[in-house]
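A look at the structure
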Amino acid sequence: VTTELYETKTEKAYMKPLILAIPHARETWEEIKTLGKGREWLFFDKEPTKAQIKYFLDNLSPRLKEAYKYAGVTEDYAYRKPFHFLRHTGAHLWLMRTDYDYGLVSELGWEDINTLRDCYGGLPKEVFRRKITSLKNCV
């Protein structure tokens, strides 16, 4: 299933796929349907203003910071940019889970492969080395 999400950084909407065979994705989709029943905007009654979005984020940021503290996160960036840290963490998680398939991961919510690579870096040296070494087995 796909749902449309709005990215405030780029001020663009994109389609976010959720694979319902994955239990966490199914739970997320069920929560979205419940929270957004009969609504165009998940957290707002109508299209929010920039001030309303800022107010919403300012109130949610302390809760994310509490969650990071509870999880033992020590990275300063998590506390300076709690929402971006969440997005960065998700990107790196998906990159690791897909063995750094930038094409696939970019389809999960980034403008393109280059944007993903520019924001989150290229292949780690050990992954690059392993992938290059594995090519000799293809001959």
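Scroll up to find the structure.
Below, the structure is looked at part by part.

Analysis parameters
- Residues numbered from 1 in each chain as written.
- Predicted model: local features only at pLDDT ≥ 70, side-chain atom pairs only at ≥ 80, totals over all residues.
- Heavy atoms only, no water.
- Helix = DSSP H or I, 4+ residues; strand = E, 2+ residues; numbered from the N terminus.
- Buried < 20%, exposed > 50% of the residue type's maximum accessible area, 1.4 Å probe, protein only.
- Core = buried A, V, L, I, M, F, W, Y, C linked by side-chain atoms within 4.5 Å.
- Contact = heavy atoms within 4.5 Å.

Section: the environment of H92
Note that H92 resides in helix α4 (residues 82-97). For H92, a relative accessible area of 31% gives the class partly exposed. Considered as a pair, H92 and Y120 are 28 residues apart in the sequence and their alpha carbons are 7.4 Å apart.

Here's the deal with unusual backbone geometry
In the Ramachandran plot, D99 falls in the positive-phi region, its phi being about 55° despite a non-glycine side chain. Locating D99 in the fold gives a position in the loop between α4 and α5 (102-107). Classification of D99 as partly exposed rests on a relative accessible area of 29%. Residues other than glycine seldom take positive phi values, yet Y100 does so here, at roughly 60°. The residue Y100 is located in the loop between α4 and α5 in this model.

Brief notes about the nonpolar core
Formed by A91, L95, Y100, Y102, V105, L108, W110, L116, Y120 and V127, the largest nonpolar core amounts to ten residues. Excluding its chain neighbours within four sequence positions, the residues that come into contact with L108 are Y14, K16, P17 and W94.

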